[in-house]
Amino acid sequence: MTSLPLIPATSVAPAARRAYMPPQHLADLDLAGRQALVTGLGEPAFRAKQVSNHYFGRLVRDPQALTDLPAATRERLADQLLPPLLTPVRELACDDGATRKALWRLHDGALVESVLMGYPDRVTVCISSQAGCGMACPFCATGQAGLTRNLSTAEIVDQAVYMAGVAASGVVAGSPPRLSRVVFMGMGEPLANYNRVIAAIRRLVSPAPEGLGLSQRHITVSTVGLVPAIRRLASEDLSVTLALSLHAPDDDLRDELVPVNQRWKVAEVLDAAWDYAARTGRRVSIEYAMIKDVNDQPWRADLLGRLLAGKLAHVNLIPLNPTPGSRWDASPKPVEREFVRRLREAGVSTTVRDTRGREIDGACGQLAAAEDNDTFTDRAGEAPA
């Protein structure tokens with residue numbers, strides 16, 4: 001594991017935090033909105049495109065780097081379009097630099113995380129949509145922390161722009177120097193922050209200078225199963241992938257593992273997912289954390305296989321990354337292999353997620369929880385630089 005040097009942020013005690021939204025940023029607005037703001041400041045409309053090109057095209061987040069703008073104009077536009085949103089607290093790297101996790105402090109002291117993962121053919125960033133999470137899944141570090149607040153559209157987008165800049169710098173050895181995929185699988189329930197997440201997706205997929213220019217098909221939105229929001233997402237005319245965090249095929253267990261199941265049961269959640277697949281033509285990813293002696297029994301694999309057989313779905317089994325002090329643990333590999341065998345025997349496409357970032361508190365929320373509790377240490381027991 002490598003600890004990367006970042007500017008230390010001033011600590012804010014959790015009790016002193018105020019949950020309020022950050023100042024408006026250009027990523028909160030579409031290009032027309034940015035132009036209206038700029039002209040309202042007495043500047044020509046083309047300045048909005050200039051600043052947007054710096055941010056989305058050149059991945060420049062520092063207003064002082066906008067040297068092609070007159071100094072007075074630069075300061076005025078920077079205040080209105082590029083206020084700082086994410087203050088770096090820690091950044092860690094492992095897997096020979098291919099996996100990088102950043103911990104950010106927001107303007108109100110809340111903490112969020114982003115993870116960059118480089119592969120030979122792609123670079124993916126996992127971003128947060130909320131500070132904390134209100135879904136209360138007991139095996140998840142973020143769920144244990146509770147919800148602080150929703151992130152703004154720009155706070156979501158800025159994570160991706162920063163990581164796109166990391167990829168462009170060439171430091172992710174063995175990977176292309178361009179961010180290609182974004183997954184909303186970091187802290188928070190994306191569909192509980194629906195409007196801002198949809199706006200963020202539109203910034204991510206719009207070409208520069210409007211946005212980052214990613215493919216809609218390379219965006220994945222995860223949810224624990226907020227049925228009305230899933231149905232609303234299906235009507236957005238977006239070709240993003242829906243990832244459903246199922247984690248149990250039966251209501252009795254899912255009520256415990258994913259408490260929102262007490263509102264929308266497995267059958268109703270899957271029905272909404274199949275409607276999404278039918279309307280978009282996109283295969284649904286079924287996320288299933290393998291938890292030792294909890295949800296990994298052969299009969300549950302068989303039940304899951306029956307529920308998914310013949311559907312436009314793919315199962316993504318996730319070896320659990322246990323949180324400190326948790327009673328939950330990962331399933332043994334022989335149990336995992338038998339689960340995979342039974343699903344494939346039922347005709348269900350299944351893979352096991354690549355396990356990355358264990359050395360750097362890879363599960364979402366772990367790094368933030370450690371920082372909040374003033375207990376952050378790396379696996380060797382030494383505080384990172």
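Residues numbered from 1 in each chain as written. Predicted model: local features only at pLDDT ≥ 70, side-chain atom pairs only at ≥ 80, totals over all residues. Heavy atoms only, no water.

**Quick look at the pattern of salt bridges**
So, point 1. One pass over the full model with this rule turns up 18 salt bridges.
So, point 2. Between Arg327 and Glu256 there is a salt bridge whose closest N-O contact spans 3.2 Å. Linking Arg327 in the loop between strand S12 (313-319) and helix H11 (333-345) with Glu256 in helix H8 (residues 251-257), this pair joins segments that are 71 residues apart in sequence.
So, point 3. A relative accessible area of 64% means that Arg327 is categorised as exposed.
So, point 4. Residue Lys333 pairs with Glu336 through a salt bridge whose shortest N-O separation is 3.1 Å. Separated by 3 residues within a single helix, Lys333 and Glu336 lie in helix H11, roughly one turn from each other.
So, point 5. Look at Lys333 and you get partly exposed, because its relative accessible area is 41%.
So, point 6. One salt-bridge network, held together by shared partners, links Asp302, Glu338, Arg341, Arg342 and Glu345. (Salt bridge = Lys/Arg side-chain N within 4 Å of Asp/Glu carboxyl O. Helix = DSSP H or I, 4+ residues; strand = E, 2+ residues; numbered from the N terminus. Buried < 20%, exposed > 50% of the residue type's maximum accessible area, 1.4 Å probe, protein only.)

**Regarding the pairing of strand S4 (residues 111-119)**
A regular strand places its side chains on the two faces of the sheet in alternate fashion.
So, point 1. The buried fraction of S4 amounts to 9 of the 9 residues, a majority that puts the element mostly inside the structure.
So, point 2. The sheet contact formed by strand S3 (residues 99-105) and S4 spans 7 bridges and is antiparallel. Note that in S4 the partner of Trp104 across the bridge is Val112.
So, point 3. Here S3 folds back onto S4, and the loop between the two strands holds 5 residues, one of which, Gly109, carries a positive phi near 95 degrees.
So, point 4. Bridging between S4 and strand S5 (residues 122-126) involves 5 bridges; their strand directions are antiparallel. Bridge pairing in S5 links Leu116 to Val125.
So, point 5. Adjacent in sequence and paired antiparallel, S4 and S5 are bridged by 2 residues. (Pairing = 2+ DSSP bridges.)

**As for the environment of Lys101**
So, point 1. On the secondary structure map, Lys101 appears in strand S3.
So, point 2. For Lys101, a relative accessible area of 1% translates into the label buried.
So, point 3. Once the C-alpha coordinates of Lys101 and Ser114 are considered, the two residues, 13 residues apart in sequence, prove to be 5.8 Å apart.
So, point 4. At 3.0 Å, the side chain of Lys101 forms a polar contact with the side chain of Glu113. (Polar contact = N/O pair within 3.5 Å; in protein donor to acceptor, adjacent residues only side chain to side chain.)

**Observations regarding the confidence of the model for the chain**
So, point 1. This prediction gives the chain a mean pLDDT of 89; 87% of its residues lie at or above 70.
So, point 2. With pLDDT under 50 throughout, residues 5-17 is counted as low confidence; its partners more than four residues away or in other chains account for 24 contacts.
So, point 3. Every residue in residues 365-385 is under pLDDT 50, and counting partners more than four places away or in other chains gives 49 contacts. (pLDDT = per-residue confidence, 0-100. Contact = heavy atoms within 4.5 Å.)

**Overview of the nonpolar core**
So, point 1. Among the nonpolar cores identified, the biggest contains 104 residues, and Leu179, Val182, Phe184, Ile201, Ile219, Leu257 and Ile286 are the most heavily contacted of them.
So, point 2. Setting aside residues up to four positions removed in sequence, Ile219 forms contacts with Val182, Phe184, Ile201, Leu204, Val205, Leu214, Val240 and Thr241.
So, point 3. Judged by nonpolar contacts, the second largest core, of 5 residues, contains Met117, Tyr119, Cys126 and Val183. (Core = buried A, V, L, I, M, F, W, Y, C linked by side-chain atoms within 4.5 Å.)

**Points about the packing of helix H5 (residues 153-168) against helix H6 (residues 194-205)**
So, point 1. Interhelical geometry of H5 versus H6 gives an angle of 40 degrees and a closest axis separation of 8 Å. As far as their axial angle goes, H6 and H5 are oblique. Seen from above, H5 lies across H6 with right-handed handedness. Where H5 approaches H6, its residues Thr153, Ile156, Val157 and Ala160 are matched on the opposing element by Arg196, Val197, Ala199, Ala200, Arg203 and Leu204.
So, point 2. Within the contact of H5 with H6, the residues separate by chemical class into 7 nonpolar, 1 polar and 2 charged. (Axes fitted to C-alpha atoms, helices over the stretch in contact; angles between N-to-C directions. Parallel < 35°, antiparallel > 145°, perpendicular 65-115°, else oblique. Left-handed = near helix turned anticlockwise from the far one by under 90°. Nonpolar A, V, L, I, M, F, W, Y, C, P; charged D, E, K, R; others polar.)

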